[in-house]
Amino acid sequence: MNVRIAGTGSYLPVKTLSNDDLSKIMDTSHDWIVQRTGIHQRHIAAEGELTSDMATKAAEKALKAANVSADDIDFIVCATTTPDLTFPATAVTIQAKLGLKKDSFALDVQAVCSGFVYALSVGNNFIKAGQGQKGLIIGAEKMSSLLDWTDRSTAVLFGDGAGAVVIEATKEEGILSTHLHSDGTLCDILKTSGGAAQSEHVGKVTMEGRAVFKHAVIKLAQSVEEALSHNNISADDIDWFVPHQANERIIDAVADRLGFPLEKVIKTARNQANTSAASIPLALDDAVKNGKIQKGDLVVIDALGAGLSWGSALIKW
Ligand code: UT7
């Protein structure tokens, strides 16, 4: 039995913040941000708008696109690093908001910017292990609430949003392989300044940007190569490369290393910035809506984030 992606959906908050808006509240400029990251604007959740609200809207659209009713969903895996509350999992709030059946189950996965790749892998394995036939895999983040708005080196990089996919058991091809990695010895180069056990508050994002950049380019390229060699295919066989959208310079460097022409690379960082676990499902939905990703296409997704954690998945659409 295989597992395929049956539909995608996404949601972005109405409010946007341009680079020029940011330059009014901190010592930065549109030119610096565009040159270093390719980012022009980011979406910011409204006051009181929660990760579960954004996730629910994205999930509703994914269900519609897949032509699947909420009653048919057996489980939700939500990748988020900005849960509504420390507990319960945001996924159970989404489960309630969507009105899923009582014998469904829901859990969060915490792998920060790699979260969607991890969550997809978890959901794929649930179905392969017989623990459900259909699931919702969600990446949803309210990064704006984790940012130190006085730190220009991180505040300009992130945005809010949510993306979701419906996965289901199939006899055809679908998710061909997933590849997950983490290295906890690198935990200090990207982390928050607090957490429930350490400080009783969630803290703010801190990052050694240059160090993360170097690891990102190397590890993201390696994990796509791993997916290609595992499936005995080459970069030429890939129709679409859908990487995590941290920084266009990272994406371009990885695509170059792998030999992907830029026409095959999906990029959304320009208007959305880095939405952490939400960036890949947002980019997938964008590519589907724009008629880029079509049935039968071979798609590789790839992400790296705090942990460090990273990974890839090869998907026959
Ligand atoms: O999704 C999780 C994974 N995260 C990532 O992949 C992010 C990886 N890192 C990066 O994308 C890049 O390192 C950044 C975009 C964060 C920074 O770019 P950089 O080329 O590595 O710049 P830098 O940190 O080395 O800073 C260069 C200069 C510094 O000034 P000095 O020391 O050279 O005078 C910074 O203080 O740029 C300064 N700077 C800024 N200037 C204007 C840092 N942030 C800003 C800013 N506006 N927002």
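Every chain is numbered independently, its residues counted from 1 as its sequence is written. Predicted model: local features are reported for residues with pLDDT of at least 70 only, side-chain atom pairs are reported and counted for 80 or more only, and whole-chain, interface and lining totals are derived from all residues. The side-chain values count all of the structure's non-hydrogen atoms but skip hydrogen atoms and water molecules.

A look at the sheet that holds strand β12 (residues 298–305)
One key point about sheets: their strands pair by backbone hydrogen bonds, in either a parallel or an antiparallel sense.
Point 1. Spatial ordering of the open sheet is given by β8-β13-β12-β11, a layout of 4 strands whose pairing is mixed. Looking at which strands have only one partner, the edges of the open sheet turn out to be β8 (175–182) and β11 (240–243). Across this sheet, the average inter-strand angle for adjacent strands is 10°, counted without regard to direction.
Point 2. Residue contacts are counted whenever heavy atoms from the two residues lie within 4.5 Å of one another. Axis definition: a line fitted to C-alpha atoms, over the contacting stretch in the case of helices. Angles run 0 to 180 degrees between N-to-C directions. Under the scheme used here, helices are H or I runs from DSSP no shorter than 4 residues and strands are E runs no shorter than 2 residues, and both carry numbers assigned from the N terminus. The strands touched by helix α5 (residues 115–128) are β8, β12 and β13 (309–316); relative to β8, the strand with the most contacts, the crossing angle is about 130°.
Point 3. Helix α11 (residues 279–289) contacts β11 and β12 of the sheet and is inclined by roughly 155° relative to β12. By this definition, two strands are paired if DSSP reports at least two bridges between them.

Considerations on the site of the ligand
Point 1. By convention in these notes, a residue is near a molecule or strand provided one of its non-hydrogen atoms lies within 4 Å of it. By nearness alone, 23 residues border the ligand, and Thr-28, Arg-36, Arg-210, Asn-247 and Asn-274 come closest of all.
Point 2. Here a polar contact is recorded for every N or O atom pair within 3.5 Å, except that within protein the pair must consist of a potential hydrogen donor and a potential acceptor, and residues adjacent in sequence are included only if both atoms are side-chain atoms. Contacts to the ligand include Trp-32, whose side-chain N or O atom sits 3.2 Å from an oxygen atom.
Point 3. Contacts to the ligand include Arg-210, whose side-chain N or O atom sits 2.4 Å from an oxygen atom.
Point 4. Using the Shrake-Rupley algorithm and a 1.4 Å probe, accessible areas are obtained, with residue cover drawn only from the displayed protein chains. Protein contacts shield 76% of the accessible area of the ligand, which totals 950 Å² for the unbound molecule.
Point 5. For the shell around the ligand, the elements supplying multiple residues, two or more each, are α2 (30–37), α6 (152–155), α8 (209–230) and α9 (248–258).
Point 6. When residues in the shell around the ligand are grouped by element, the largest group, 4 residues, is from α8.

Side note on the side chain of Thr-268
Point 1. Its place among the elements puts Thr-268 in the loop between α9 and α10 (269–272).
Point 2. Under the scheme applied here, a residue whose accessible area is under 20% of the maximum for its type counts as buried, over 50% as exposed, and between as partly exposed, the area being computed with a 1.4 Å probe on protein chains only. Classification of Thr-268 by relative accessible area gives buried; the value is 6%.
Point 3. Among all residues touching Thr-268, those that are not within four sequence positions of it are Gln-245, Ala-273, Ala-283 and Asp-286.

Quick look at the nonpolar core
Nonpolar side chains in soluble globular proteins generally cluster together in the buried interior.
Point 1. Only buried Ala, Val, Leu, Ile, Met, Phe, Trp, Tyr and Cys residues count toward a nonpolar core, and they belong to the same one when joined by side-chain atoms within 4.5 Å. Of all hydrophobic cores here, the largest spans 46 residues; its most connected members are Phe-241, Phe-260 and Val-300.
Point 2. Listed by contribution, the elements that provide at least two residues to this core are α8, α9, β12 and β13.
Point 3. With 8 residues, α8 is the largest single contributor of residues to this core.
Point 4. For every domain, the bounds stem from an assignment made automatically or drawn from a database. A domain-level breakdown of this core finds at least three residues from each of domain 1 (2–170) and domain 2 (175–316).
Point 5. Tyr-118, Val-165, Ile-280 and Val-299 belong to the second-largest nonpolar core, a separate cluster that totals 33 residues.

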